[in-house]
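# Geometric and topological summary
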Amino acid sequence: MIAKFLSELDERTGWKKVKEALLDRRIPEASGWQAWLYTLGSASLLLFAVQALTGMLLAMNYVPSPDHAYDSIRYIEREVLLGSFVRGLHHWGASFMVVIVALHMLRVFFMGAYKYPREGTWMAGVALFMVVMGFSFTGYLLPWDQKAYWATAVGTNIAAQVPTLGPYIGKVLKGGDVLGALTLSRFYAFHVLVLPALLILFVGLHLFLVVWHGISETPRRKDQ
Amino acid sequence: MENEVSRRTFLQWIIASLSAAIGLVLGGTGTGYFLSPAFKKEDEGWIDVGSVREVSRGAPVKLEFTQRKKDGWMTVETRSSAWFLTSNGRDFVAFDPRCTHLGCPYRWDADKKQFLCPCHTATFAVDGRVVSGPPPRPLDRFPVKVVRERLQIIPQALESGKA
């Protein structure tokens, strides 16, 4: 019955070909610890899925205002069923994301996998790295505790050191002259609307190019 | 040796079960978090007003209390009051301190043994009945109970006429 349903569905959607192209691709021969290096991209994608899911749930109870940000997070931690677990996943997922993405980037760099014809994949990846950094910077402020506040104070002050344009960059980042309500709502908008849109765009491009070009071979010595 | 399950099939099973496990944990957690408002115990809203000894037999007393309404992580506090009386020291009655006519606060007239509303000179008997004046119904009552010698009420009027 299920087989019949799946083949009927295939006639109408062609999902089997899509699955073959996405999951049954030919990939380079790799073994031992080197094979694990090829999992870092998928790991980043899984982490993104976890961050998106937990982020959607957290946004149901979080309020990005100086009056309510800290209290609403304390409410999630103490009163919402599984709230501290969901927030914990988002918190640790964020740290893992930066680590895994950095390792993925190092893997591609040291194996020279960014070279012709995969420059586009690499550049989309660099854009994704920037977006992840943006997520980290904006997400760090949202708890609105001492650490969040002062870390963002330092971050925006560093940006304000740029010659000539610095003060304007600082104001744009903060949404005003001081770090406060406007900064928080601005960072929240970036964290949940702007950056996810950019991320989905570049993940789509990145994955398309990965499938299009295939995975590059592990580099080998000439005498091997 | 004959392989009954190929290496490919075995690995596909492993991948499928790991994915299912991850999906189950994430899906279950998300579902629980999302549906948690449905399981949350409703706050009945009993408010501690004071010791039962503050209400003496015969004369009604107006007691003040603080009402705390929870709205998520916020608590809104309002000062409020109610008239209490008892005939035997065990059973208590609590009246809404607003006249049922237009909501004016009324007072206890100790000489006439009646509640007197100054706005339109309405009077109520000690049991809340309308004696004279424009009020359309007896004084509204609040649910009241005694827990370990403490008076507790819900400051929300019962349907008029009901005890």
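Note that the coordinates shown come from a computational prediction; the quantities given were computed from them, not determined experimentally. (Residues numbered from 1 in each chain as written. Chains lettered and ligands numbered in written order. Predicted model: local features only at pLDDT ≥ 70, side-chain atom pairs only at ≥ 80, totals over all residues.)

Of regular secondary structure, chain B possesses 1 helix and 11 strands. Overall, chain B shows an N-to-C arrangement of helices and strands of α-β-β-β-β-β-β-β-β-β-β-β. In terms of C-alpha radius of gyration, chain B reaches 29 Å, well past the compact-globule figure of 15 Å for 163 residues. By principal-axis analysis of the C-alpha atoms, chain B measures approximately 105 × 35 × 25 Å. A total of 163 residues make up chain B; the buried ones form 18% of that total. Contacts in chain B between residues at least 24 apart in sequence constitute 38% of all its contacts with a sequence separation of at least 6. (Helix = DSSP H or I, 4+ residues; strand = E, 2+ residues; numbered from the N terminus. Rg over C-alpha atoms; globule rule 2.2 N^0.38 Å. Buried ≥ 20, exposed ≤ 12 C-beta atoms within 10 Å, placed from the backbone. Contact = placed C-beta atoms within 7 Å.)

Between chain B and chain A, the residue contacts involve 10 residues of the former and 14 residues of the latter. Taken together, the residues of the side of chain B that touches chain A break down into 5 nonpolar, 5 polar and no charged. (Nonpolar A, V, L, I, M, F, W, Y, C, P; charged D, E, K, R; others polar.)

The next thing to look at is the packing of helix α7 (residues 119-141) of chain A against helix α10 (residues 181-213) of chain A. Residue and element names in this part refer to chain A. Two elements in contact, α7 and α10, have axes whose closest approach is 8 Å; the angle formed by their N-to-C orientations is 160 degrees. In this view, α7 runs roughly antiparallel relative to α10, as classed from their interaxial angle. Of the two possible hands of crossing, α7 and α10 adopt the one that is left-handed. Tallied by class, the residues present in the contact of α7 with α10 amount to 17 nonpolar, 9 polar and no charged. (Axes fitted to C-alpha atoms, helices over the stretch in contact; angles between N-to-C directions. Parallel < 35°, antiparallel > 145°, perpendicular 65-115°, else oblique. Left-handed = near helix turned anticlockwise from the far one by under 90°.)

Here the focus is helix α4 (residues 40-59) of chain A. Look at α4 of chain A: 28 Å from first C-alpha to last across 20 residues, which is about the 28 Å you get at 1.5 Å a residue. Structurally, α4 of chain A contributes buried residues whose contacts are with α5 (69-78), α6 (83-110) and α10 of chain A together with α1 (7-39) of chain B. (Expected span 1.5 Å × (residues − 1).)

Residue and element names in this part refer to chain B. As summarised here, the arrangement of the 3 strands in space is β1-β11-β10, forming an open sheet in which the pairing is antiparallel. Here the strands that pair on one side only, and so sit at the sheet edges, are β1 (47-51) and β10 (144-147). Going from strand to strand, the sheet's axes swing by 30 degrees on average, the running direction of each strand aside. Here 4 bridges tie β1 to strand β11 (residues 150-153), and the two strands are oriented antiparallel to one another. (Pairing = 2+ DSSP bridges.)

Residue and element names in this part refer to chain B. Bridge count between β10 and β11: 4 bridges; the pairing is antiparallel. Following the sheet pairing, valine 147 is matched in β11 by arginine 150. The turn joining β10 and β11, which pair antiparallel and follow one another in sequence, is formed by 2 residues; a positive phi near 45 degrees is taken by arginine 148.

Right, let's talk about the sheet that holds strand β8 (residues 130-132) of chain B for a bit. Sheet strands pair by backbone hydrogen bonding; their relative direction is either parallel or antiparallel. Residues and elements named next belong to chain B. Spatial ordering of the open sheet is given by β5-β6-β7-β8, a layout of 4 strands whose pairing is antiparallel. The open sheet has two edge strands with one neighbour each: β5 (107-109) and β8. Taken over all neighbouring pairs, the strand axes of this sheet differ in orientation by 40 degrees on average, direction set aside. Sheet topology note: the β5/strand β6 (residues 114-117) ladder contains 3 bridges and is antiparallel. By the bridge assignment, arginine 107 is partnered in β6 with leucine 116.

Quick look at the nonpolar core now. Residues and elements named next belong to chain B. Counting 20 residues, the largest nonpolar core has Ala82, Trp83, Phe84, Ala94, Phe95, Val144 and Ile153 as the members making the most contacts within it. For this core, the elements supplying multiple residues, two or more each, are β3 (74-86), β4 (92-95), β6, β7 (122-124) and β11. Among the elements that take part in this core, β3 stands out by supplying 4 residues, more than any other. For tryptophan 83, the residues in contact, after removing those within four places along its chain, are Pro60, Lys62, Ala94, Phe95 and Pro97. (Core = buried A, V, L, I, M, F, W, Y, C linked by C-beta atoms within 7 Å.)

What follows covers the domain arrangement of chain B. Once the domains are mapped, chain B shows domain 1 (1-40) and domain 2 (47-153). When each unit is reduced to the centre of its C-alpha atoms, the spacing between domain 1 of chain B and domain 2 of chain B is 59 Å. (Domains from an automatic or database assignment.)

Attention shifts here to the environment of leucine 158 of chain B. Residue and element names in this part refer to chain B. Along the chain, the position of leucine 158 falls in the segment after β11. With 15 C-beta atoms counted inside 10 Å, the residue leucine 158 sits in the partly exposed group. C-alpha separation for the pair leucine 158 and threonine 31, spaced 127 residues apart in sequence, amounts to 37 Å. Those residues in contact with leucine 158 that sit more than four places away from it in its chain are Arg141 and Pro143.

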